[in-house]
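Take a look at the letters that make up each chain.
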Amino acid sequence: QAAPVAMGERCLFPGAGKLFASYGPGVPRMQEFALPSDQAEEARWRQVLPVDSTNVVAVTESGQVLQIRQQTNPRSHLGEVSRIDLGAAVDVEGDSGDGRLVIADAERRVRVLDAATLDSRAERQFESAITSRVWIVESNVFVETADGTCHCLDADNDLNTKWDAGLDLNGDSLADRP
């Protein structure tokens with residue numbers, strides 16, 4: 001459903017309603033994380049973002065954002081620590097870095113969240129649809145919109161504009177992290 005992501009010595013693999021953890025020599029088995037049964041069949045993972053060696057944030061296509069942590073009591077397992085609902089679908093991938101997450105939703109909103117708590121740090125609404133993955137590099141948030149503009153926003157200053165540039169990409173998007 002989504003790309004695997006590293007969490008410490010493990011790799012997490014998103015599957016239908018679950019996150020599976022790798023194991024092998026020196027890395028014992030860990031019980032997977034499973035969404036509640038009433039959500040497992042409908043929910044699809046949009047993305048899993050790394051936070052640190054014991055935490056990831058999983059994002060569903062419907063706009064649920066879950067902080068998942070490796071826990072050891074009563075046995076090694078992946079457990080949900082917190083959850084927020086964005087109130088809109090997520091149709092592009094987000095990014096993580098320096099203790100922050102940046103996520104865009106189908107309602108043309110970009111949000112910066114604290115990676116440890118999922119608390120909102122900033123939010124901005126766009127007039128045009130967000131058409132490609134959003135990126136965070138240091139305090140810079142990069143957003144491409146349907147009007148052919150690349151926006152560089154300041155994550156430390158309420159997502160105020162640092163600069164905007166028209167892109168002539170003929171329907172393509174930036175290839176990778178700026």
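Scroll up a little and you will see the structure.
Quick caveat: nothing in here was measured; it's all calculated off a predicted structure.

Calculation criteria
- Residues numbered from 1 in each chain as written.
- Predicted model: local features only at pLDDT ≥ 70, side-chain atom pairs only at ≥ 80, totals over all residues.
- Heavy atoms only, no water.
- Helix = DSSP H or I, 4+ residues; strand = E, 2+ residues; numbered from the N terminus.
- Buried < 20%, exposed > 50% of the residue type's maximum accessible area, 1.4 Å probe, protein only.
- Polar contact = N/O pair within 3.5 Å; in protein donor to acceptor, adjacent residues only side chain to side chain.
- Contact = heavy atoms within 4.5 Å.
- Salt bridge = Lys/Arg side-chain N within 4 Å of Asp/Glu carboxyl O.
- Pairing = 2+ DSSP bridges.

Asker: In this structure, what is going on with the side chain of Gln64? I would like to understand it.
Answerer: Following the sequence through the fold, Gln64 ends up in strand S7 (residues 64-71). On the basis of relative accessible area, Gln64 is assigned to the buried category, the value being 16%. A polar atom in the side chain of Gln64 sits 3.1 Å from the side chain of Asp85. Aside from chain neighbours lying at most four places away, what touches Gln64 is Ala58, Val59, Arg83, Ile84 and Asp85.

Asker: Is there a simple way to think about the pattern of salt bridges in this case?
Answerer: Once the charged atoms of two side chains with opposite charge are near each other, the side chains can pair. Enumeration according to the criterion identifies 10 salt bridges in this entry. Put simply, Arg133 and Glu93 hold a salt bridge, and the shortest N to O gap is 3.1 Å. Of this pair, Arg133 sits in the loop between strand S12 (120-125) and strand S13 (135-137) while Glu93 sits in the loop between strand S8 (77-85) and strand S9 (95-97), placing them 40 residues apart in sequence. Judged by its relative accessible area of 29%, Glu93 is partly exposed.

Asker: Help me understand the sheet that holds strand S4 (residues 33-34), please; the structure alone is not making it clear to me.
Answerer: By definition, the strands of a sheet pair up through backbone hydrogen bonds, in either a parallel or an antiparallel sense. In space, the four strands of this open sheet follow the order S1-S2-S3-S4, with antiparallel pairing throughout. Both outer strands of the open sheet, strand S1 (5-7) and S4, are each paired with one neighbouring strand and no more. The pairing of S1 with strand S2 (residues 10-15) spans three bridges and is antiparallel. Considered in S2, the bridge of Met7 is made with Arg10.

Asker: Explain unusual backbone geometry to me, please; I cannot follow it from the model alone.
Answerer: Most peptide bonds are trans, and most residues other than glycine sit at a negative phi. In the segment running from Asn73 into Pro74, the intervening peptide bond is cis, with an omega of 5°. Mapping Pro74 onto the fold places it in the loop between S7 and S8. The backbone of Arg108 shows a phi angle near 70°, a positive value even though the residue is not glycine. Note on Arg108: relative accessible area 31%, which makes it partly exposed. Of note in this structure, Asp158 is not a glycine but carries a positive phi near 55°. By secondary structure assignment, the location of Asp158 is in the loop between strand S15 (149-154) and strand S16 (160-166). Residue Asp158 is classed as exposed on the basis of its relative accessible area, which comes to 54%.

Limitation: the analysis is restricted to geometry and does not speak to function.
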